[in-house]
Structures are given as structure tokens and as C-alpha cells.
Amino acid sequence: MAFTAPIGTEEERNTGQVWPGTWVDATPYMTRYALGYHTGADLNNNRPRFDADAHATVYSIGDGKVTYAQLVSKKYWGNLIVIDHGMVDGKPLFSRYGHIETMVIKRGDIVKAGQPIANVGNGEGLFPYHLHFDISTSTQLSTLPTYWPGNDRQGVKHHFVDPQAWLRSQHVAESLPADDKVSTDSHNTENSRPVDVPQRPVWYVTAAQGIAVHKSPSASSEKSGALPKGTKIFISENGVKNEELIWAQIVDGSFKDGWVTRGKANQSETYLSTNPPR
Ligand SMILES: [Zn+2]
């Protein structure tokens, strides 16, 4: 299963950065503060101005089922969403999104990775705008969606993981524009409709010096070829982060299965684009 950042523009999330663009985590996992030990991340974007994150779209980090979506209280949580992603790497996986404003999904809905689910709120005016986001690898949130361990440090460690490290370990995927996604809502079979055939986007090599094709997603791996600027290629939907670069696998043509770098993970350089080079 591919996972994506819960916030950021399409373009920012396409870079594979865990906290994309100018988003920052104001209260990293296990930070001790007024409410105890923090269970996850407080995602803020204050650039180019304070509260630039107000009403920003919140995305489901992965495919799953909404198990909770309602107003908890006007204090602290505000609106809260919990999504059950099933078993991942042999453990249950739940993601939780707090202080949100509008919710565009409801309990029982099946969601896809990168699907909009809500807008960033300010907890009914209690906080600056931000998204409280955490990841649980136990089933605690299925029965106690508002579970907050507070000063119970072991409770935090037992039920929650560092969401940044976890997402990074899953090679946060790029997401294609919604129009290019295959509709695979198998839970909706009575609603017969034509199968959407994905429009595979063409990517162009935009690096002036061209790029190398590698046998694995590592700059030190063996090279199998070189692609000059302007070459058209088809690459995998999922990006893989390695050595501060985002790698993608070629899915068609003479270099099929080879790996190329799309750009630096920190967005300082890009080597591929869906727009042809000038
Ligand atoms: Zn928080």
C-alpha cells in the first residue's frame, strides 16, 4: 500500500517529502507539553503568512475505512477523524486527524490514499490553525477514538509511533492528480460504472545534463544507461526516497525496470517533469 503526507499541495506531496513544502511539525512525537506527551505531530504552515494553513485540505494518508468522524467537543479535539488502514507490516494501522474544520467524509466511508477528507481547523478558535495528526499501530483507536494518554508515557509509546519516521519508512508516495487515478472502489459493486483506465502521464527529463538509469534506487548502484534532456519516459506511480533523492522505476520502453531520480527530496533540484523542457 502506498502512503502520502496528510497535508501539502499535490505538487509538494509529489516530491515525497514527509512534511511537504513549508509545513512544519510544531510539537514532534513524544514532546512533553501542557497536555502530557504528544502522540503525533502538530502540522503547521505559517508561510508566506501566519496561519497560511487555515482551511487547507487534509488527505487520508492511505487506503482505508473511516471508523470515526464527528465533533468530540468544542474543547481540545473539535472535529476528529480516525481511519483504519487494516494490517500494515503485520500490525494494525490507524491514522487520526484532529481540530479539523469541515469534514468531507463520514463514518463507514472507504477512502483512498491522498483523498481529501477535511480542512485544517483551529479547534473552534482554541488554537492557531494546525492539524493534529497521529499514527497508531494498535487497535486502541478502533474502540477509543479519542484516546489521549496524557502523562502516561508508556501509553503513548505503546499505542503510537513517530508519524514522520513511520511515513518515511513507508517511502511516502507521490500521488497522481485525481483524474489519473484508477477507480478501485470494490465496496461499491452495485453501482456499476465503466472502469476508469488510468491515463499514464508522460514524464520528461528536464536536467540539462540528462540523467542516468540505475539498476536499483541508489546513486551508487550499477548504471544501465543515460537519458538526455527531453527524453520521454513512463515511471511508476510510487516514489521511493533514498539518499535524499526521490527515485522512480521506469515502467515501459527499453530501460523498463531501471531506476531514475526525479529530484532531490528537499525539492532543491528536479530532474524530471510532466511538462516538457523549454
Ligand atoms: Zn497535537
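First, a word on scope: everything that follows refers to the structure included in this document. Keep in mind it's a predicted model, so treat the numbers as computed, not measured. (Residues numbered from 1 in each chain as written. Predicted model: local features only at pLDDT ≥ 70, side-chain atom pairs only at ≥ 80, totals over all residues. Heavy atoms only, no water.)

Here we take up the nonpolar core. In terms of nonpolar packing, the biggest core is built from 30 residues, with Ile81, Tyr97, Ile117, Leu131, Phe133 and Leu167 touching the most fellow members. Counting only elements with at least two residues in this core, the list comes to β4 (41–44), β6 (64–73), β7 (78–88), β8 (91–100), β10 (116–119), β11 (131–136) and α4 (163–169). Those residues in contact with Leu167 that sit more than four places away from it in its chain are Phe3, Thr4, Pro6, Val18, Trp19, Ile61, Phe133, Ile135 and Val172. Grouped together as the second largest cluster of nonpolar side chains are 17 residues, Ile211, Ile233, Ile235 and Val240 included. (Core = buried A, V, L, I, M, F, W, Y, C linked by side-chain atoms within 4.5 Å. Buried < 20%, exposed > 50% of the residue type's maximum accessible area, 1.4 Å probe, protein only. Helix = DSSP H or I, 4+ residues; strand = E, 2+ residues; numbered from the N terminus. Contact = heavy atoms within 4.5 Å.)

Positionally, Ala34 belongs in the loop between β2 (32–33) and β3 (36–37). You can call Ala34 exposed: its relative accessible area is 79%. Expressed as a C-alpha distance, the spacing of Ala34 and Gly150, which sit 116 residues apart in the sequence, is 8.9 Å.

Let us look at a nonpolar patch on the surface. A cluster of nonpolar residues, Leu35, Tyr76 and Leu126, forms a patch on the protein surface that exposes about 270 Å² of accessible area. Given a relative accessible area of 43%, Leu126 falls into the partly exposed group. (Patch = residues over 30% accessible without salt bridge, like charges linked within 9 Å, V, L, I, M, F, W, Y side chains within 5 Å. Areas by Shrake-Rupley, 256 points an atom, 1.4 Å probe, with all protein chains shown as cover. Salt bridge = Lys/Arg side-chain N within 4 Å of Asp/Glu carboxyl O.)

For a metal bound by four donors in a tetrahedral arrangement, the ideal donor-metal-donor angle is 109.5 degrees, while six donors in an octahedral arrangement ideally sit at 90 or 180 degrees. Those donors, His38 (NE2), Asp42 (OD) and His132 (ND1), are the protein atoms that reach the zinc ion, and they lie 2.0 to 2.2 Å from it. Considered as a linear motif, the donors of the zinc ion on their single chain read H-x3-D-x89-H. Taken together, the residues span a long stretch of sequence, with His38 in the loop between β3 and β4 and His132 in strand β11 at a distance of 94 residues. Considered together, His38 and His132 belong to a single accessibility category, that of buried residues. (Donors = N, O, S within 2.8 Å, 3.2 Å for Na, K, Ca; no water.)

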